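# Notes for the structure review
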Amino acid sequence: MTIDLQLYNTADRKVSVFKPLTPGKVGIYLCGATVQAPPHIGHIRSGVNFDILRRWLSASGYDVTFIRNVTDIDDKILHKAVHEEIPWWAVAMKYERAFSDAYAALNVLPPTYEPRATGHISQMIELMQLLIERGHAYAPGNGDVYLDVRSLKSYLTLSNQKLDDLQPAEDADLTHKRDPRDFALWKAAKPGDPSWPTPWGPGRPGWHLECSAMAHAYLGEAFDIHGGGLDLIFPHHENEIAQSESAGWGFANIWMHNAWVTTSGEKMSKSLGNSLQVHEILKKVRGIELRWYLGSAHYRSMLEFSFEALEEASVNFRRIEAFLKRAAGLIGGEVGIEIAPEFANAMNDDLAVPQGLAFISEAMKLGNNAITANDKNEIAKPAAYIRGALSILGCDPFDAAYSGGSTTDKDVLDGLVELAIEQRNAARARKDFAASDLIRDSLTKIGITIEDTPNGTRWNI
RNA sequence: GGUCGGAUGGCCGAGAGGCGAGGCUCAGGACUGCAAAUCCUGCUACACGGGUUCAAAUCCCGUUCCGACCUCCA
């Protein structure tokens, strides 16, 4: 028997049984990237964590609609455009591609829909009109449109703050705002800025409006799960709630937030330079290994990054991968994909991946013992359980998403290595260990490891 | 000032009143031409001070330290 899926909800800070709004279906909105710089591993952790959630929901039988937006217009993009001397839309496209590449390298499934902010201006205008009609927003005449936070019946419910306790923004411009905490839904166009026409004058979206508009467009007035990084709780998600609820929409039922990747105990900041960009890390480890590392911590726990820990995780993963490949060889066919009840219970407990990993270790012992005993019947089950768990974590080594290289190259390589191994085994058979070790050392030098087992010699790159 | 987290063995990292999570490292052993891989055994920890309880890493009170958010943030 497995327990029901329970998830932590930031809104009430409790873990509760998940009840979809529509039986059998789940709608998820994840705040994706503001495409103004290449992704670092903190950004991609968010993608991985929510991809695991999505895979688990799908595996649990839900029909999942997963929306991850691209915010392709904002202050930083405009600044970058000036700095890089290219159009703002070229900046957005460049970094959107960088994010897409990173997601693909880590086998983060493409979202059901991936809406861009600039493609939903008309929905934003409609939302602003609605908010003005309902008395929760105002256009002071300078081209801006603000949300009137004092008009809300509730505000700051996610972060549990009081409006009057907030430190007032130092640069709050009160010439147009009714309250310094009112936030811009829409920003009047400045000379040189991109702009779209509206009833209040030409301008561009404020930061929060796009998510309310797009979540509504693709998931309706109410949906199940809204996700993002911890730092989006305030102000971004508070303001999304303010916009959506004052429009009369139910909005998100559950709020989920992933924790950060930290360095030296601190949140990763963009000033760290390039070394923690996904692109750079992928020069050291494979995508599947980086994913294993990022996914192995609980999504609500800070993950303290170090290259040592990354390397340890990679080694650990390769051990599991090696087991599965050996198992596949012994079974003489494909390893099955099966979800063990123990793993299901761990995942159902607010995605307790670390407990799931402990289960994988247990299954590995059983499987390795079966391999040692050459008991083919006993190998299949633990191997299938492990592969099942890995498939949820997005780290199935047999997943086509990870297979690179052409088949011709692979065949040639296989043939060459097999040839060397045959030579070495011939040397061993005549007890010429000097010759056999020379072959092994030569292979090691070019990055091919050799292991002798009772069932023959195995090799790995 | 307000709000929210965290501190667990040499290291990483779960757990949230009662049977040693798990991994890595290290030591010993089995296997082995050697190596590797694998398995077995060993290493009994919860920031500090009180309290509640038959029983506290876990609950309560207090303290110290670390971090995050308060309108750029995954």
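Scoring rules and cut-offs
Residues numbered from 1 in each chain as written. Chains lettered and ligands numbered in written order. Predicted model: local features only at pLDDT ≥ 70, side-chain atom pairs only at ≥ 80, totals over all residues. Heavy atoms only, no water. Helix = DSSP H or I, 4+ residues; strand = E, 2+ residues; numbered from the N terminus. Buried < 20%, exposed > 50% of the residue type's maximum accessible area, 1.4 Å probe, protein only. Contact = heavy atoms within 4.5 Å. Areas by Shrake-Rupley, 256 points an atom, 1.4 Å probe, with all protein chains shown as cover. Lys, Arg positive; Asp, Glu negative; His and termini not counted. Charge placed at Lys NZ, Arg CZ, Asp CG, Glu CD. Domains from an automatic or database assignment. Buried area = accessible area lost by both parts, 1.4 Å probe. Salt bridge = Lys/Arg side-chain N within 4 Å of Asp/Glu carboxyl O. Polar contact = N/O pair within 3.5 Å; in protein donor to acceptor, adjacent residues only side chain to side chain. Nonpolar A, V, L, I, M, F, W, Y, C, P; charged D, E, K, R; others polar. Core = buried A, V, L, I, M, F, W, Y, C linked by side-chain atoms within 4.5 Å. Near = heavy atom within 4 Å. Pairing = 2+ DSSP bridges. Disulfide = S-S within 2.5 Å. Phe/Tyr/Trp six-rings, centres within 6.5 Å; stacked < 30°, edge-to-face > 60°. Lys NZ or Arg CZ within 6 Å of the ring centre and 35° of its normal. Expected span 1.5 Å × (residues − 1). Arc of directions from axis to C-beta. pLDDT = per-residue confidence, 0-100.

### Brief notes about the overall build of chain A
- Scanning chain A from terminus to terminus reveals 14 helices and 15 strands.
- Considered along the principal axes of its C-alpha atoms, chain A spans approximately 95 × 55 × 40 Å.
- Residues counted as buried form 49% of the 461 residues belonging to chain A.
- Taking the intrachain contacts of chain A between residues at least 6 apart in sequence as the baseline, contacts between residues at least 24 apart amount to 76%.
- A total of about 21900 Å² of accessible surface is found on chain A, and carbon and sulfur atoms cover 52% of it.
- For chain A, the distance from the average site of its 46 positive side-chain charges to the average site of its 59 negative ones is 3 Å.

### Quick word on the domain arrangement of chain A
- We note that the domain assignment places domain 1 (20-272), domain 2 (307-402) and domain 3 (407-460) within chain A.
- Spacing between the C-alpha centres of domain 1 and domain 2 amounts to 37 Å.
- Counting from both sides, the interface comprises nine residues of domain 1 and, opposite them, twelve residues of domain 2.
- Carbon and sulfur atoms supply 67% of the area buried between domain 1 and domain 2, which totals about 940 Å² over both sides.
- For the domain 1 face of the interface with domain 2, the top three residues by lost area are Ile 52, Trp 56 and Asn 107, together amounting to 65%.
- The tally of links between domain 1 and domain 2 comes to zero salt bridges.
- In this structure, the connection of domain 1 to domain 2 is made through five residue pairs in polar contact (both at pLDDT 80 or more).
- Per-element accounting of the side of domain 1 that touches domain 2 gives the leading share, five residues, to helix 1 (residues 41-59).
- In terms of residue class, the side of domain 1 that touches domain 2 is made up of seven nonpolar, one polar and one charged.

### Here's the deal with the nonpolar core
- Ile 41, Ile 225, Leu 290 and Trp 292 are the most contacted members of the largest nonpolar core, which totals 125 residues.
- The leading source of residues in this core is helix 9 (residues 307-331), at nine residues.
- Lining this core are residues from two domains, each supplying at least three of them: domain 1 (20-272) and domain 2 (307-402).
- Excluding anything up to four places from it in sequence, Trp 292 contacts Ala 313, Asn 316, Phe 317, Ile 320, Leu 357, Ile 360, Leu 390, Leu 393 and Cys 395.
- Counting residues in each nonpolar core, the second largest holds seven residues, with Val 417, Ile 421, Leu 443 and Ile 448 among its members.

### As for the protein's contact with RNA strand B
- Taken together, 56 residues form the shell around RNA strand B, and within it Trp 207, Gly 229, Asp 231, Trp 260 and Arg 440 come nearest.
- Among all atoms of RNA strand B positioned within 4 Å of the protein, those belonging to sugar or phosphate total 61%.
- Interatomic distance of 2.6 Å between a backbone N/O atom of Ser 159 and a sugar or linking oxygen of RNA strand B.
- Note that a base nitrogen of RNA strand B is positioned 2.9 Å from one of the side-chain N or O atoms of Asp 452.
- When residues of the surface near RNA strand B are assigned to their parent elements, the largest contribution, nine residues, is made by helix 11 (residues 353-372).
- Looking at the surface near RNA strand B residue by residue, the classes come out as 14 nonpolar, 22 polar and 20 charged.

### What about the sheet that holds strand 8 (residues 203-205)?
- Strand order across the open sheet formed by four strands is 5-6-7-8, with antiparallel pairing between neighbours. On the outer flanks of this sheet lie strand 5 (137-138) and strand 8, each paired with one strand and no other.
- Here strand 7 (residues 183-188) runs beside strand 8; their pairing, made up of three bridges, is antiparallel. Considered in strand 8, the bridge of Ala 188 is made with Gly 203.

### Some remarks on the state of the cysteines
- Evaluated as defined, the whole model comprises zero disulfides.
- Its sulfur unpaired, Cys 211 is 3.8 Å from the next cysteine sulfur, which belongs to Cys 31.

### Quick notes on the packing of aromatic side chains
- The full count for this structure, using the stated rule, is twelve aromatic pairs.
- Each residue in the set Phe 223, Phe 251 and Trp 255 is aromatic and connected to the rest through ring pairs, giving one cluster.
- Arg 68 extends its terminal NZ or CZ atom over the ring of Tyr 103, reaching a point 3.6 Å from the ring centre.
- Its end group placed over the ring of Tyr 8, Arg 300 keeps NZ or CZ at 3.9 Å from the ring centre.

### A word on helix 3 (residues 88-105)
- A rise of 1.5 Å per residue sets the reference length of helix 3, with its 18 residues, at 26 Å; its end C-alpha atoms lie 26 Å apart and thus fit the reference within 8%.
- Buried within helix 3 we find Trp 88, Val 91, Ala 92, Tyr 95, Glu 96, Phe 99, Ala 102 and Tyr 103. Buried positions in helix 3, seen along its axis, are confined to an arc of 120° and lie on one side of it. Structural note: helix 3 exposes Trp 89, Arg 97, Asp 101 and Ala 104 on the side pointing more than 90 degrees away from its buried face.
- The secondary structure elements touched by the buried residues of helix 3 are helix 1, strand 4 (63-68), helix 2 (75-84) and helix 7 (278-281).

### Details of the confidence of the model for chain A
- Here chain A averages 91 in pLDDT, while 96% of its residues score no lower than 70.
- No element of chain A has a lower mean pLDDT than strand 15 (residues 456-460), at 78, and none a higher one than strand 4, at 98.

### Focus: unusual backbone geometry
- Phe 234 connects to Pro 235 through a cis peptide bond whose omega is 0°.
- Residue placement: Pro 235 occurs in helix 6 (residues 233-246).
- Located in the positive-phi region is Asn 107, a residue other than glycine, with phi close to 60°.
- Relative to the helices and strands, Asn 107 is located in the loop between helix 3 and helix 4 (121-133).
- The backbone of Leu 351 shows a phi angle near 55°, a positive value even though the residue is not glycine.
- Structurally, Leu 351 can be placed in the loop between helix 10 (341-348) and helix 11.

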